[in-house]
Amino acid sequence: MATTTLAEVTAELAALEDPKAREVNARHGDDHGVHLGALRALAKRLKTQQDLARQLWSTGDASARLLAVLICRPRAFERDELDVMVREARTPKVHDWLVNYVVKKSPHSEELRLAWFADPDPVVASAGWALTTERVTKKPEGLDLPGLLEVIEAEMKDAPDRLQWAMNHCLAQIGIEHAEHRERAIDIGERLEVLKDYPTSPGCTSPFAPTWISEMVRRAG
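Residues numbered from 1 in each chain as written. Predicted model: local features only at pLDDT ≥ 70, side-chain atom pairs only at ≥ 80, totals over all residues. Heavy atoms only, no water.

**What about the packing of helix α8 (residues 109-116) against helix α9 (residues 122-138)?**
Viewed as axis vectors pointing N to C, α8 and α9 meet at an angle of 130°, and their least axial separation amounts to 8 Å. On the basis of their axis angle, the class for α8 and α9 is oblique. Our pair here, α8 against α9, has a crossing hand that is left-handed. Residues Ser109, Glu110, Leu112, Arg113 and Trp116 of α8 touch α9, and the partners they reach there are Val124, Ala125, Ala127, Gly128, Leu131, Thr132 and Arg135. (Axes fitted to C-alpha atoms, helices over the stretch in contact; angles between N-to-C directions. Helix = DSSP H or I, 4+ residues; strand = E, 2+ residues; numbered from the N terminus. Parallel < 35°, antiparallel > 145°, perpendicular 65-115°, else oblique. Left-handed = near helix turned anticlockwise from the far one by under 90°. Contact = heavy atoms within 4.5 Å.)

Right, dumping it as structure tokens:
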């Protein structure tokens, strides 16, 4: 399907639209009506097509953008291009997929992490925190972990929802991955009580940082 056109793909996406799925997704702030499994199956068939991915993204349609993320070549995007895309990705699923599947694989990820970390737009800042959490977990050398904990302690309680969620994830990963900071991370979580009452399905781990940290450390033995 190397010569698949934008019109062909958008027609197929329209055919896959499910009003019930759109209704469910809308409850989470998302505006796509194609099941993610169907999107992944379509992406598998299309394979990597960078030009088509750019065209799909430019439509502004959430399902098209999710598909674009799946068929793009992450390392082919320029730094400024990714900056624009993150600022355009306003819904949670598009934003999360873009950051996790594209930006994290980009050679510009560290430069963008630093640029986004304290951005005045909380959604953009949440992308900076997500990239920071990735480094906390996989490449902590050079990070000021005590400094990150200070920022979290001072700002997480009153941060907008998506930024708060990203900061909380960073707090949990610091506590999980770095034993020397675990006690402080748990203490910050207990005092701020962010996501303490978040509804959690049976069998799932609570996003409340002290619970999350303790459970992941327990699983690691």
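**A short note on the packing of aromatic side chains**
In total, this model carries three aromatic pairs according to the counting rule given. Over the aromatic face of Trp57 sits the side chain of Arg65, whose NZ or CZ is 4.4 Å from the ring centroid. (Phe/Tyr/Trp six-rings, centres within 6.5 Å; stacked < 30°, edge-to-face > 60°. Lys NZ or Arg CZ within 6 Å of the ring centre and 35° of its normal.)

**Some details on the nonpolar core**
One finds Leu56, Leu67 and Leu98 to be the most contacted residues of the largest nonpolar core, which totals 35 residues. Contributing elements (two or more residues each) for this core: α1 (6-16), α3 (36-46), α4 (50-58), α5 (62-71), α6 (79-88), α7 (92-102), α8 and α9. Top element by residues in this core is α5. It accounts for seven residues. Discounting residues that sit within four places of it in the chain, Leu56 has contacts with Leu6, Val9, Thr10, Leu13, Ala64, Arg65, Leu67, Ala68 and Ile71. Ala172, Ile186, Leu192 and Ile213 belong to the second largest nonpolar core, which has 27 residues in total. (Core = buried A, V, L, I, M, F, W, Y, C linked by side-chain atoms within 4.5 Å. Buried < 20%, exposed > 50% of the residue type's maximum accessible area, 1.4 Å probe, protein only.)

**Comments concerning the pattern of salt bridges**
For the structure on display, the rule yields 20 salt bridges. Between Arg65 and Glu88 there is a salt bridge; the shortest N-O distance is 3.5 Å. Here Arg65 is found in helix α5, whereas its partner Glu88 is found in helix α6, with 23 residues between them in sequence. Close ionic contact of Asp121 with Arg90 constitutes a salt bridge, the shortest N to O distance being 3.2 Å. Of this pair, Asp121 sits in the loop between α8 and α9 while Arg90 sits in the loop between α6 and α7, and the two are 31 residues apart along the sequence. (Salt bridge = Lys/Arg side-chain N within 4 Å of Asp/Glu carboxyl O.)

Shape is all these values report; function is a separate question.
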